[in-house]
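# Architecture and fold: a report
Residue strings, one per chain:
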Amino acid sequence: MDLFPRPSHADYTYQMKYGVRASSGGGRSSARETIGRVASGAIAEKMLKEAYGVEIVSFVYSVGDEELFPPTPMHPSAASNPTYLKMLETITREEVDRYVPVRCPNQEAADRMAKKIADFRDKQDSIGGTVVCVIRNAPVGLGEPCFDKLEATLAQAMLSLPATKGFEFGSGFAGCTIPGSKHNDAFVKAPAVPPSKSGADAVTNGSHANGSTGELNGVPSGQFPVLKTRTNNSGGIQGGISNGAPIYFRVAVSDTPTLFQGSPTFFRNIIDRIAQFKPPATIGQAQETSTFSGTAGTLEAKGRHDPCVVPRAVPIVEAMAAITLLDACMAQEARNVLRNKVPSGVPREQEEDETAAY
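Read on for a plain summary of the structure. (Residues numbered from 1 in each chain as written. Predicted model: local features only at pLDDT ≥ 70, side-chain atom pairs only at ≥ 80, totals over all residues. Heavy atoms only, no water.)

In this section: the pattern of salt bridges. Pairs can form between side chains of opposite charge once their charged atoms are near each other. Enumeration over the complete set of coordinates arrives at 15 salt bridges. As a salt-bridge pair, Arg121 and Asp122 come within 3.1 Å of each other at their nearest N and O atoms. Residue Arg121 is classed as partly exposed on the basis of its relative accessible area, which comes to 49%. Its relative accessible area of 55% is what places Asp122 among the exposed residues. What emerges from the salt-bridge pattern is a single network uniting Glu45, Arg93 and Glu318. (Salt bridge = Lys/Arg side-chain N within 4 Å of Asp/Glu carboxyl O. Buried < 20%, exposed > 50% of the residue type's maximum accessible area, 1.4 Å probe, protein only.)

Laid out in structure tokens, this is it:
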């Protein structure tokens, strides 16, 4: 390990950047650092739940080429599959945890994924996959144009996690193959419900995810109906701002790069929809590679290494989603505080001009 930069690890890049590396376990590039994220995310999630009623649930969507909802001609994207959308509205953490260790909330799919992981384990190899995350009851109006759009901050949070290889939200990459006539999310009038005492009105001063009304950005809500979308290809975000529908995305996770058998240093990364994680870089195969000095050699790892880290990523994705959403809520809360300080005698047009200039 001292002589070889491990394939697909951060040994080489850390050595080149800092002149030092943690060959024993990866150091800051190891997934061990996510313990702090999960601890912080637990606090953020509790605040979101108590203040706004937000619910965040993640689960494994795919392992290798085994998917929970494989694409079909009728549903090239899971975003158009009513069964999948219903799952996003009702899935709970308790339900996901009933399918440990895979954490895919469908027994048939979980069995397929477990077999896939076992096959790679037996070959002393590794495999990646994807994790879905859904955020329910998110307030309307979260997200900051232009560089801090809500999907952009969520993507940054997810791609900062070790082993992540991709991110998509809503209909994702598959949605790009669907014509606009089928992909657009038409608006419909939302049913009226009593205003929430701890919901999104604390953020938006008005119309929010659960359909309650009040005042939206200073405009009495009686001047327009509360709307929702008939479909949710947008994934709960339009123009970089939350629209009150469930926010859902997927992250891709790679395989473990450290192997246990002799093979070239080539790994196929999973390029999928939603949150994706590459196969773990630490595998049991011996790998033909090179030392730091450029001498060809064989690197063979010893010890216990996960054949698939995707199920472990579920709570980490939830934590980063909570941290990101709470940041967005705090930004909107600050905006509302400043808005309320504007003298009531200032014409609305002048207030809008000042806001645009800012």
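So that's the structure; there's more coming.
This part takes up helix α6 (residues 150-159). When we look at burial in α6, the residues that qualify are Leu150, Glu151, Leu154, Ala155, Ala157 and Met158. Down the axis, α6 shows its buried residues gathered within 160 degrees of arc, on one side only. (Helix = DSSP H or I, 4+ residues; strand = E, 2+ residues; numbered from the N terminus. Arc of directions from axis to C-beta.)

Counted according to the given criterion, the structure contains 5 aromatic pairs. For the ring pair Phe69 and Tyr84, a centre distance of 5.6 Å and an interplane angle of 70 degrees mean the geometry is edge-to-face. Of this pair, Phe69 sits in the loop between β2 (66-67) and α3 (82-90) while Tyr84 sits in helix α3, and the two are 15 residues apart along the sequence. A relative accessible area of 15% means that Phe69 is categorised as buried. Given a relative accessible area of 1%, Tyr84 falls into the buried group. By the ring-pair criterion, three or more aromatic residues cluster together here, those being Tyr61, Phe69, Tyr84 and Tyr248. Here the guanidinium or amino end of Lys123 rests over the ring plane of Phe120, the centre of that ring lying 4.4 Å away. (Phe/Tyr/Trp six-rings, centres within 6.5 Å; stacked < 30°, edge-to-face > 60°. Lys NZ or Arg CZ within 6 Å of the ring centre and 35° of its normal.)

Turning to the nonpolar core, a few remarks are in order. Residues Leu48, Phe59, Leu68, Tyr84, Ile135, Met158 and Phe249 are the most contacted members of the largest nonpolar core, which totals 61 residues. Residue assignment for this core shows that the elements contributing at least two residues are α2 (34-52), β1 (55-63), α3, α5 (107-122), β3 (129-136), α6, β11 (247-256) and α9 (310-340). Beyond its immediate chain neighbours, meaning those up to four positions away, Leu68 contacts Phe59, Tyr61, Met87, Cys104, Asn106, Ala109, Arg112 and Met113. (Core = buried A, V, L, I, M, F, W, Y, C linked by side-chain atoms within 4.5 Å. Contact = heavy atoms within 4.5 Å.)

Axis separation between α2 and α9 bottoms out at 7 Å; the angle between their running directions is 50 degrees. Comparing the axis directions of α2 and α9 gives the class oblique. As α2 packs across α9, the resulting crossing turns out to be left-handed. The residues of α9 that touch α2, namely those facing Thr34, Arg37, Val38, Ser40, Gly41, Ala44, Glu45, Met47, Leu48 and Tyr52, are Pro315, Ile316, Ala319, Met320, Ala322, Ile323, Leu325, Leu326, Cys329 and Glu333. Considering only residue class, the contact of α2 with α9 consists of 14 nonpolar, 3 polar and 3 charged. (Axes fitted to C-alpha atoms, helices over the stretch in contact; angles between N-to-C directions. Parallel < 35°, antiparallel > 145°, perpendicular 65-115°, else oblique. Left-handed = near helix turned anticlockwise from the far one by under 90°. Nonpolar A, V, L, I, M, F, W, Y, C, P; charged D, E, K, R; others polar.)

To continue, consider unusual backbone geometry. The peptide bond linking Val100 to Pro101 adopts the cis configuration, its omega dihedral lying at 15 degrees. Assignment of secondary structure puts Pro101 in the loop between α4 (93-97) and α5. In the Ramachandran plot, Asn137 falls in the positive-phi region, its phi being about 65 degrees despite a non-glycine side chain. Positionally, Asn137 belongs in the loop between β3 and α6. Within the chain, Ala163 stands out as a residue other than glycine whose phi angle is a positive 75 degrees. Structurally, the position occupied by Ala163 is in the loop between α6 and β4 (164-169).

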